[in-house]
Amino acid sequence: MSHPLSVKQVVTMSLSIALRLRRPHAIVLACQLCAVAGFLFSSSSFYAEEPNDVTLTGARVVTAPANVPTATTRTYYDGAETLGRVGHEAILKRDVLHNIKKQAHLQYLEELKKIPEEDREAYSAEYKEKILEYFLNSSELYTQALDAHIRHLLFYNDYVISCPKEQVQEQTKQLEKEFDSKYIPELLTQFNCKNVKELEEYFEKEIKSNLAQEKRIFLQYTFGILWMNHNLGEEEFSPTLTDLRRYYEANLDEFRVTPRVRWQAMTVYYGAQRSRDDAQRKIVHMGNAVQGAPVKEQERLFAEVCRVDSEDSFASKGGYRDWTVKGTLRSAKVEEAIFSEELPVGVLSKIIEDNGSFTIVRIVARESERIKTFTEVQEEVREKLIADRTEAMKKKYEERLSERFSIEIYALSPEEREQCFHTADREELSASGRKTRY
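Worth saying up front: this structure is predicted, and the values here are computed from it rather than measured. (Residues numbered from 1 in each chain as written. Predicted model: local features only at pLDDT ≥ 70, side-chain atom pairs only at ≥ 80, totals over all residues. Heavy atoms only, no water.)

So, helix 6 (residues 165-190)
Inference 1: Along helix 6, the largest kink reaches about 40° and is centred on Phe179.
Inference 2: Listing the buried residues of helix 6 in full gives Gln167, Val168, Gln171, Thr172, Leu175, Glu178, Phe179, Tyr183, Ile184, Leu187, Leu188 and Gln190.
Inference 3: Backbone geometry just downstream of helix 6 places Asn192 in the positive-phi region, at approximately 55°. (Bend = angle between axes of the 7 residues up to and from the residue. Helix = DSSP H or I, 4+ residues; strand = E, 2+ residues; numbered from the N terminus. Buried < 20%, exposed > 50% of the residue type's maximum accessible area, 1.4 Å probe, protein only.)

Listed below in structure tokens is the structure:
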């Protein structure tokens, strides 16, 4: 009999795995899981010694013959077009589209924040149309959403048959309360809604769905992810110092720091509005205003002169540029100047003429090419080794579930399956045993 997870283990595993996956939707979900895990799996009776009486069929993918048209897609109840089954759970097309449309609208709302408030109304409809068109017409995104949905249903199936029916029902009631008290407020914030009624109307009008469907998907995914995290057994793995050093020494190139600089620049343009000579006189005057000051005051003065007289897009920021690596600047002459060892940190460069402008640069900080020390990267290596092991165990876990549960995909011709499941760049074995590209 397995031992129950502690609250700390559930919370830690959920969040750490999501962060290692570096996928925004996974991190959001992990934060939500942290809120509910405090009591959900604390009961010592969570794991049943024997599974319940659900009967499993052999592992197989059932597809329709080539001459079966899409119109024969099975429907179990009104509005539930069914793409197939995972164990005893139906793969509903509306669930897949619900997830895609929801992410599209969240992306749209994020992009809208980048537009000045006074211009949002003019751009709102155009932004929404473009983002929704991309999300809904991308076969690659549909492939990813469908296969992710199948994975979650695999995890959820394993959870359901591993617990007594009564306990699943009780924990579902508990999680439903958490959905209302903790998850709904998060949705209100994400979709800029004032109350639940407004949120329901948003889902019905914009996403063509409802909160009941969102709740059902939330329950399946939450139980499934927590159960998967437990089965990975992450808490049992702790790389030794020898493991960390061995990996570091075998992969030194991963820890090589590319040369980079932080710098300031002041720029004056010439052309139709100003002659070359006038522009040159102005940049000389600006440079002299900084050069004649004490060294300790030059960075501050450089920033002040930029804010007043510089003409590029960084002027309001004091001419500051963030860390820059070679090959990222449009001006080859400016790039050559900032990466020249002949220009020390804190010293103004000569006047650089390029692309109809005069520029003076000043290096704020410089990092030469080097390899980070073992001490610097020790924790980074530890996290990578744990993440690599977690990913390997996750794939094995998915493979076991794919053999354990019957996975059926029907109402798709071979041509439709090819279009649906083989559309992106990277190929790997999916949760259902299909060869799928990402």
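So that's the structure; there's more coming.
Structural notes on the pairing of strand 4 (residues 260-269)
Inference 1: With respect to burial, strand 4 is a largely interior element, 7 of its 10 residues being buried.
Inference 2: Examined bridge by bridge, strand 4 and strand 5 (residues 320-325) share 4 bridges and lie antiparallel to one another. Of the residues in strand 5, the one forming a bridge with Arg260 is Val325.
Inference 3: Pairing of strand 4 with strand 7 (residues 357-367), which is carried by 10 bridges, proceeds in the antiparallel orientation. What sits directly across from Val268, in strand 7, is Phe358. (Pairing = 2+ DSSP bridges.)

Section: the packing of aromatic side chains
Inference 1: A complete count under the given rule lists 13 aromatic pairs for this structure.
Inference 2: For the pair Phe191 and Phe203, a centre-to-centre distance of 5.4 Å together with 70° between the ring planes defines the contact as edge-to-face. A residue pair is termed long-range when its members are at least 10 positions apart, and Phe191 in the loop between helix 6 and helix 7 (196-207) and Phe203 in helix 7 qualify at 12 residues.
Inference 3: Three or more aromatic residues link up through ring pairs in this structure, and these residues are Tyr156, Tyr159, Phe223 and Trp227.
Inference 4: The aromatic ring of Trp263 is capped on one face by Arg321, whose charged end is 4.9 Å from the ring centroid. (Phe/Tyr/Trp six-rings, centres within 6.5 Å; stacked < 30°, edge-to-face > 60°. Lys NZ or Arg CZ within 6 Å of the ring centre and 35° of its normal.)

Considering helix 11 (residues 295-309)
One turn of an α-helix holds 3.6 residues; hence residues three or four places apart share an orientation.
Inference 1: If you check helix 11, its first and last C-alpha atoms are 21 Å apart, about what 15 residues at 1.5 Å a residue would give, namely 21 Å.
Inference 2: The sharpest bend along helix 11 measures roughly 25° and falls at Leu301.
Inference 3: The set of residues buried in helix 11 consists of Gln298, Leu301, Phe302, Ala303, Val305 and Cys306.
Inference 4: Looking at the buried side of helix 11, the elements it contacts are strand 4, helix 10 (276-291), strand 5 and strand 7. (Expected span 1.5 Å × (residues − 1). Contact = heavy atoms within 4.5 Å.)

Brief notes about the pairing of strand 1 (residues 82-86)
Inference 1: The element strand 1 is extensively covered by neighbouring structure, given that 4 of its 5 residues are classed as buried.
Inference 2: Direction of pairing for strand 1 relative to strand 2 (residues 89-92): antiparallel, over a ladder of 4 bridges. Directly across from Thr82, in strand 2, lies its bridge partner Leu92.
Inference 3: The antiparallel hairpin formed by strand 1 and strand 2 contains 2 residues in its connecting segment, where Gly87 sits at a positive phi of about 60°.
Inference 4: The sheet contact formed by strand 1 and strand 9 (residues 407-409) spans 3 bridges and is antiparallel. Bridging across to strand 9, Gly84 finds its partner in Ile409.

A short note on the sheet that holds strand 4
Inference 1: Strand order in this open sheet of 4 strands is 5-4-7-6, and the pairing throughout is antiparallel. Lying at the two open borders of the sheet, with one neighbouring strand each, are strand 5 and strand 6 (352-353).
Inference 2: Contacting strand 4, strand 6 and strand 7, helix 10 runs over the sheet at an angle of about 135° to strand 4.
Inference 3: Strand contacts of helix 11: strand 4, strand 5 and strand 7, with the helix running at about 40° to strand 4, the strand carrying the most contacts. (Axes fitted to C-alpha atoms, helices over the stretch in contact; angles between N-to-C directions.)

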